[in-house]
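Secondary and tertiary structure notes
These are the residues of each chain, in order.
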Amino acid sequence: MKHFFSLQWLRIKETGIVFTDELKRIFRDPGVLVIFIVATLVYPFLYKAIYWNEQIKDIPVAVVDCSQSPESREFLHHWAAAPDVKLSSYCTSMAEAEHLLRDQEVHGIIYFPYDYAAQLADPFGQAHISLYCDMSSFLYMKAIYLSANQVMLESMRNIQIDRYEQMGMDQEFAWSLVQDAPYTETALFSPTGGYGSFLIPAVLVLILHQTLFFGICMLGGTAREENKQLYIMPGRRRSYSVLRITIGRAAAYFIIYFALAAILLVALPRLFDIPHVGRPEDLLRFIVPYILATIFFSMCVSVTIRNRESGMVLLISSSLIFLFMAGISWPKEMIPDAWRYLSWFIPYTWGAHGFIHMSSMGASLWTTRTEYIALWILAGGYFLIACILLFVTGWWHERKKTLKRI
Amino acid sequence: MNYLTNIWHVTKRELKQMFARPLYMFASVGVMLLSTFFFLTLMRGGAAEKMPVAVVDKDQTSISRRLCHEMQATPSVDIRLITSSFSEAREAMQQGEIYGILVLPENFYDNLVAFKRPQVDFYVTNAYTVGGNTAYKQLLTMVNLTSGAFQREVLRKKGMSDDVIMHRIQPLTIEAHMIANPWGNYSVYLVSTILPGILGLICLMLTIFAIGYELKMQTSREWLHTAGNNYMVAMIGKLIPYTFVYLILGVACHIILFRFAGFPVYGSHVRLMFALLLFIFAMESMGVFLIGCLPTLRDAISIGALYAMLGFSLSGFTYPASNMLPAVQALCYLEPLRHYYLIYVNEALMGAPTINSLTPALALCGFMLLSITTAPRLHKALVYQNYPLK
């Protein structure tokens, strides 16, 4: 008991041996180095290059103006001022515009019917504008629709005021009727509101998760191939050595990845000029359980991998599944419960939300406590499972060896 | 004749290996089944309708409270939190519980009935795009609902009929027609490119693995020997069983997406399915090309994974390629998935004539020819086995 409390069971020295052995294994293996270090550092720059332009600008739109009235021209004039769209072609018929849309020359069509001006002039009329959006990308649709809607609301208010004034109301009263409660809108957190600012933080966390995952699977597969008995330390009782091996190996991954995570999650957002309002010391503290949970999660999975490369072949599509299951690009409220509960077992889910809350939204570590605690629980849970799996595989291996001897 | 028998020998040898290791079936059929199931069930709703929002009620009158509860009862609105403190709502947003905040100012109702036009403030999170947008639309609806109701009340008192009032309140409307996806279904637009993309990813990785494994286990000479020392025979014989599996998966993927899941196809099913098969061949060919460039399994696998994963972003189906930097736009065309996506847009969404899909289809054929360029190098590697094994 006394020994237990003096941490004798940890046998720091032996843990140290495992730790340095694992570091050597990593740095002598070009395949693992490519994944751990090259991929981790190159990927963020590639994604930043792809999502360089934050805003979707100047989407070409075709105009079909059958009313040919000052009113429709005024609408178009206002709309052309919006940065999102560019009125690139004026067509005489819908067929012509559809042709352009089909050939992807334009991504939207705005159509004013013949009676547009007449309906507006009629004090009881209602005018309609038709908007056709290319759905090949949601971002086209969003930009075209929202900017047209903005112009529409503005024009509508002016028309309403005119009509109320015709009815003999004074302008002040008409305004209070039309817009009894004017509103201001503020987009919080990301000043540009661009796609990159939203996606890149989630991708940075995913890169850490997946490179660690594939790297550890590759190391596990290699050990299996070379028949190195990672899980047996000579002359010791297995139940003890399991702990030391797991801790020693994890420590080796941890020091590499803590540095990488500090670069990716603290330095790169500043370099890339994506939102970085989190406190660095809080972020660094948050990184610890995230890396640990990912390491032990990967160690558990790597037990099933038999070859160096098969892990990558088998698990490559997990990157997409983890990304979507976490509920970032598709909101978590809209994900079926079964998938949401499953996602709680993946460290990425908590890591990504926690990082976005802290770095993009400026939450403190205390505000992010749910994610922080969940990651510690996952780290602890996967640590125990990793130890048990190591113990069982070691036991199985020795049994096979004894069977062979007989 | 001799060639054909040799091809058959190689294929037989390959079939044995294929069934000896569970990896091949797991990584192709298993992964595809799982991904299809996952992505089709993930967004069953398809459209994000309502997101949780908060109302900060600074007015704190019985009427503002009643207003909050009325809004809460509206089915299209999900008010998760009603509070008087903005910082509480902000913290809930930072915890990812809500996506938007509506602030009712002090004396809101008094000012409203006195026609003093009190100002309402919205705050929407930008850190989650879909959630934030949906919350924004929802907050707008909430304000317009209350505002419209108020206008209607005043006009009714003036003795107008409801029909006339409607046109007063909304003299101008925009009808949005979302071409080929009238429901604004996110799932249609995402899954119809992501699933073929995953299939392509599988083709690429497994092709690299199947060839690279021979190099790694130094069985490549025996393989060539079975093929009568003919490189083409060896390659064709080896790839036949895999190609067969991929093509079945491709046809199944098409049928599941566009028949069972009911994703719209305005053009021709045959042409779209043909494009998917071309895409599969292109990815397989890229696999042969990559292992030919880097005849070491681990390098080819790592580079292949990098290349195929970038395909999802570079295909431009989420973030349009036309908005990328010019240099990056050029890179897009190096990804077969980009060309498949272009054909998909033409065929499924636009119902465009075949001629529009010709260029991307030819590009896919071009990828198929690419594998020939590294044939001499790969052939040498198979014979001499002069590359690192690990």
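Residue numbers here run from 1 along each chain, matching the order of that chain's written sequence. Lettering of chains starts at A and numbering of ligands starts at 1, both following the order in which they are written. For this predicted model, a pLDDT threshold of at least 70 governs which residues receive local features, and a threshold of 80 or more governs which side-chain atom pairs are given and counted, while totals over whole chains, interfaces and linings are taken from all residues.

**Some remarks on the overall build of chain B**
Strands here are runs of E lasting at least two residues and helices are runs of H or I lasting at least four, both read from the DSSP assignment and numbered beginning at the N terminus. When its secondary structure is counted, chain B shows 16 helices and 5 strands. Taken over the C-alpha trace, chain B has a radius of gyration of 29 Å; the compact-globule value for 390 residues is 21 Å, which it surpasses by more than 25%. C-alpha extents for chain B along the principal axes are approximately 95 × 45 × 40 Å. Residue pairs at least 24 apart in sequence account for 77% of intrachain contacts in chain B once pairs closer than 6 positions are excluded. We compute the radius of gyration over the C-alpha atoms and compare it with the globule rule, which gives 2.2 Å times the number of residues raised to the power 0.38. Once C-beta atoms are placed from the backbone, any two residues with those atoms within 7 Å are in contact.

**Regarding the overall build of chain A**
Along chain A, the regular secondary structure elements total 16 helices and 5 strands. Compactness check: chain A gives a C-alpha radius of gyration of 30 Å against a globular reference of 22 Å for 406 residues, more than 25% above the reference. The principal-axis extents of the C-alpha atoms in chain A amount to approximately 100 × 45 × 40 Å. A total of 406 residues make up chain A; the buried ones form 47% of that total. Of the contacts made within chain A by residues no fewer than 6 positions apart, 77% connect residues no fewer than 24 positions apart. As a rule, residues whose C-beta atom has 12 or fewer other C-beta atoms within 10 Å are exposed, those with 20 or more are buried, and those in between are partly exposed; C-beta atoms are placed from the backbone.

**With respect to the sheet that holds strand 4 (residues 120-125) of chain B**
Pairing between strands requires that DSSP locate at least two bridges from one strand to the other. Read across the sheet, 5 strands follow the order 5(A)-4(B)-3(B)-1(B)-2(B) without closing on themselves; strand pairing throughout is mixed. Because the sheet does not close on itself, it has two edges, and the strands there are strand 5 (183-188) of chain A together with strand 2 (78-83) of chain B. Neighbour-to-neighbour, the strand axes of this sheet turn through a mean angle of 20°, independent of strand direction. Of the pairings in the sheet, the one linking strand 5 of chain A to strand 4 of chain B comprises 6 bridges and is parallel in character. Axes here refer to lines fitted to C-alpha atoms; in helices the fit is confined to the stretch in contact. Angles between the N-to-C directions go from 0 to 180 degrees.

**A word on the domain arrangement of chain B**
All domain edges in this entry derive from an automatic or database-based domain assignment. The domain boundaries assigned to chain B delineate domain 1 (2-44 + 183-384) and domain 2 (52-169). A C-alpha centroid distance of 50 Å is found between domain 1 of chain B and domain 2 of chain B.

**A word on the interface of chain B and chain A**
Taken together, the contacts link 88 residues of chain B with 91 residues of chain A. If you tally residues by element for the side of chain B that touches chain A, the top one is helix 12 (residues 297-314) of chain B, at 10 residues. We call Asp, Glu, Lys and Arg charged. Ala, Val, Leu, Ile, Met, Phe, Trp, Tyr, Cys and Pro are nonpolar, and the rest, Gly among them, are polar. Here the residues of the side of chain B that touches chain A sort into 56 nonpolar, 24 polar and 8 charged.

**Here's the deal with the domain arrangement of chain A**
As far as domains go, chain A holds domain 1 (2-52 + 192-405) and domain 2 (59-178). Relative placement of domain 1 of chain A and domain 2 of chain A: their C-alpha centres are 52 Å apart.

**Some words on the packing of helix 1 (residues 2-20) of chain B against helix 10 (residues 231-260) of chain B**
All names here are of chain B. The interhelical angle for the contact between helix 1 and helix 10, taken along N-to-C directions, is 45°, at an axis separation of 7 Å. By the criterion of interaxial angle, the relationship of helix 1 to helix 10 is oblique. Here helix 1 and helix 10 pass one another in a crossing that is right-handed. In this structure, helix 1 contributes Tyr3, Asn6, Ile7, Val10, Thr11, Glu14, Leu15 and Met18 to the contact, and helix 10 contributes Val233, Ala234, Ile236, Gly237, Lys238, Ile240 and Pro241. Looking at the contact of helix 1 with helix 10 residue by residue, the class counts come to 10 nonpolar, 3 polar and 2 charged. Angular relationships are summarised with four words: roughly parallel below 35 degrees, roughly antiparallel beyond 145, roughly perpendicular across 65 to 115, and oblique for the angles in between. Rotating anticlockwise by less than a right angle from the far helix to the near helix defines a left-handed crossing, while the corresponding clockwise rotation defines a right-handed one.

**Description of the packing of helix 8 (residues 186-216) of chain B against helix 12 of chain B**
Helix-helix packing is described using two parameters, namely the angle between the two axes and the distance between the axes. Residue and element names in this part refer to chain B. Contact pair helix 8 / helix 12: the axes reach a minimum separation of 9 Å and the direction vectors enclose 170°. Compared by their axis directions, helix 8 and helix 12 come out roughly antiparallel. Only Leu297, Ala300, Ile301, Gly304, Ala305, Ala308, Gly311 and Phe312 of helix 12 make contact with helix 8, whose side of the interface consists of Gly197, Gly200, Leu201, Leu204, Met205, Ile208, Phe209, Gly212, Tyr213, Leu215 and Lys216. Considered class by class, the residues forming the contact of helix 8 with helix 12 number 13 nonpolar, 5 polar and 1 charged.

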